[in-house]
Amino acid sequence: DDLSKDKTLNIVTKLRKNYKNIKILKNKHNIGVSKTRNIGIKHATGEYLIFLDSDDFLFNESLLKLKEYINANTKPDVIFGKYEKKTFPRNNDLILNNLRMNKNNILKFKKLILIKKFPLDECWPYIINRKFLLKNKIQFFDVRVAEDQLFVLNVFLKMKTFYIFKKNFYYHRNLPGTLSDFMNFEYSKCCLKVLLEYYKILAKEKNLINKQLINRYIQSCFSMFIAIFITSSRLEIKELGKILKKNNAINLKNLHYKNSKINFNVLFQKYGYEKGLLQAKKSIIYFKRKKIERFIVNKRKIYFFCYSKFLNASA
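Residues numbered from 1 in each chain as written. Predicted model: local features only at pLDDT ≥ 70, side-chain atom pairs only at ≥ 80, totals over all residues. Heavy atoms only, no water.

## Points about the packing of helix 7 (residues 147-158) against helix 9 (residues 208-229)
Point 1. Closest axis-to-axis distance for the helix 7/helix 9 pair is 11 Å, and the angle between their directions is 170°. When the axes of helix 7 and helix 9 are compared, the pair comes out roughly antiparallel. The segment helix 7 lies against helix 9, with Gln-149, Val-152, Leu-153, Phe-156 and Leu-157 engaging Asn-210, Leu-213, Ile-214, Tyr-217, Cys-221 and Met-224.
Point 2. For the contact of helix 7 with helix 9, the residue count by class is nine nonpolar, two polar and no charged. (Axes fitted to C-alpha atoms, helices over the stretch in contact; angles between N-to-C directions. Helix = DSSP H or I, 4+ residues; strand = E, 2+ residues; numbered from the N terminus. Parallel < 35°, antiparallel > 145°, perpendicular 65-115°, else oblique. Contact = heavy atoms within 4.5 Å. Nonpolar A, V, L, I, M, F, W, Y, C, P; charged D, E, K, R; others polar.)

If you want it as structure tokens, here you go:
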């Protein structure tokens, strides 16, 4: 319990009277989802871990079926569970249908992610062996949002065996006011910090497929960063510049704004971090406006479809 303000703690305390396997850990201060999950990993006694978001739910009897499935097979590092949700993509059938139910080839799985460009950067569809996490020292990075992405990438890079669980397992909900709906300057800072961690991993990686996978995650996180970054004030951009300077981020390769010649790395080297970011913001807005102007020459109406974090940026 990370100092919840609703009746969560009271409900769980009552449930514990009937279910002795429930263990309640209460934080003294609000420390956020990353540190709280890490405490859970440390104190859990189960063989496998599931990360259930507060607004989501598991399908009926999914844990019982999952237990039977694990006991009937050689216990893998990771199990990829079937999920459903209302937003795009509504499920992960595209990946599941291209893989077998028994032990899967890790290389094939990584290539499939790259080919399909399917978003696999949230921790809740995975059932993970606790000893595997502890052995590889995989934890959640201490940021308020986007922490899943780095965690999942580390799992993919380290896992040796994984299975697919094709029965109904997890239902994800995007409710207004939850962390997944969270969009402001703090989100931009979190994305930037995660980006910097990606580059640290990339610098140590030698495997070509793994490098491609890391770069895919870099581009995904970079897109989310841009969506909030171009709405940032000069004072906020100055703070982003300090984060870059602290991490000596002058050689961040592949940070190109899509379909343009705007290269963040070149701008950093030419202007420095703060002025480079200001120039990047100016260039991106100019690029977007010119693109729209070219489009409306022959059109009377423009319709925008904006997903999640990109709504304010487009407006």
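## Observations regarding the pattern of salt bridges
Point 1. Summed over all chains, the structure comprises 11 salt bridges.
Point 2. Its salt-bridge partner being Arg-37, residue Asp-53 comes within 3.0 Å of it at the nearest N-O pair. In this pair, Asp-53 sits in the loop between strand 1 (48-50) and strand 2 (57-58) while Arg-37 sits in helix 2 (residues 33-43), placing the two residues 16 residues apart along the sequence.
Point 3. Between Glu-239 and Lys-189 there is a salt bridge whose closest N-O contact spans 2.8 Å. Of the two residues, Glu-239 is situated in helix 10 (residues 234-246) and Lys-189 in helix 8 (residues 185-204); the sequence distance between them amounts to 50 residues.
Point 4. Note on Glu-239: relative accessible area 33%, which makes it partly exposed. (Salt bridge = Lys/Arg side-chain N within 4 Å of Asp/Glu carboxyl O. Buried < 20%, exposed > 50% of the residue type's maximum accessible area, 1.4 Å probe, protein only.)

## Observations regarding helix 2
Point 1. Of the positions making up helix 2, those classed as buried are Ser-34, Arg-37, Asn-38 and Ile-41. Buried positions in helix 2, seen along its axis, are confined to an arc of 100° and lie on one side of it.
Point 2. In this structure, the buried side of helix 2 is in contact with strand 1, helix 6 (130-135) and helix 7. (Arc of directions from axis to C-beta.)

## Observations concerning the confidence of the model for the protein
Point 1. Overall, the predicted model of the protein reaches an average pLDDT of 88, with 91% of residues at or above 70.
Point 2. For the protein, the element scoring lowest by mean pLDDT is helix 13 (residues 310-314), at 62; helix 6 scores highest, at 97. (pLDDT = per-residue confidence, 0-100.)

## Quick word on helix 9
Point 1. Between its first and last C-alpha, helix 9 extends 30 Å over 22 residues, near the 32 Å set by a 1.5 Å rise per residue.
Point 2. Looking at where helix 9 begins, the residue whose side-chain oxygen comes 3.0 Å from the main-chain nitrogen of Ile-209 is Asn-207. (Expected span 1.5 Å × (residues − 1). Polar contact = N/O pair within 3.5 Å; in protein donor to acceptor, adjacent residues only side chain to side chain.)

## Some details on the layout of surface pockets
Point 1. Approximately 430 Å³ is the volume found for the second largest pocket.
Point 2. Surrounding the second largest pocket, 15 residues form its lining, Asn-136, Lys-137, Asn-154, Lys-158 and Ile-201 being those nearest its centre.
Point 3. For the lining of the second largest pocket, the elements supplying multiple residues, two or more each, are helix 7 and helix 8.
Point 4. Each residue belonging to the lining of the second largest pocket can be placed in one class, and the counts come to six nonpolar, three polar and six charged. (1 Å grid on protein atoms, 1.4 Å probe; cavity = no way out; pocket = protein on both sides within 12 Å on 5 of 7 lines; lining within 4 Å. Points joined across faces, edges and corners; volume = space filled by probe spheres on them.)

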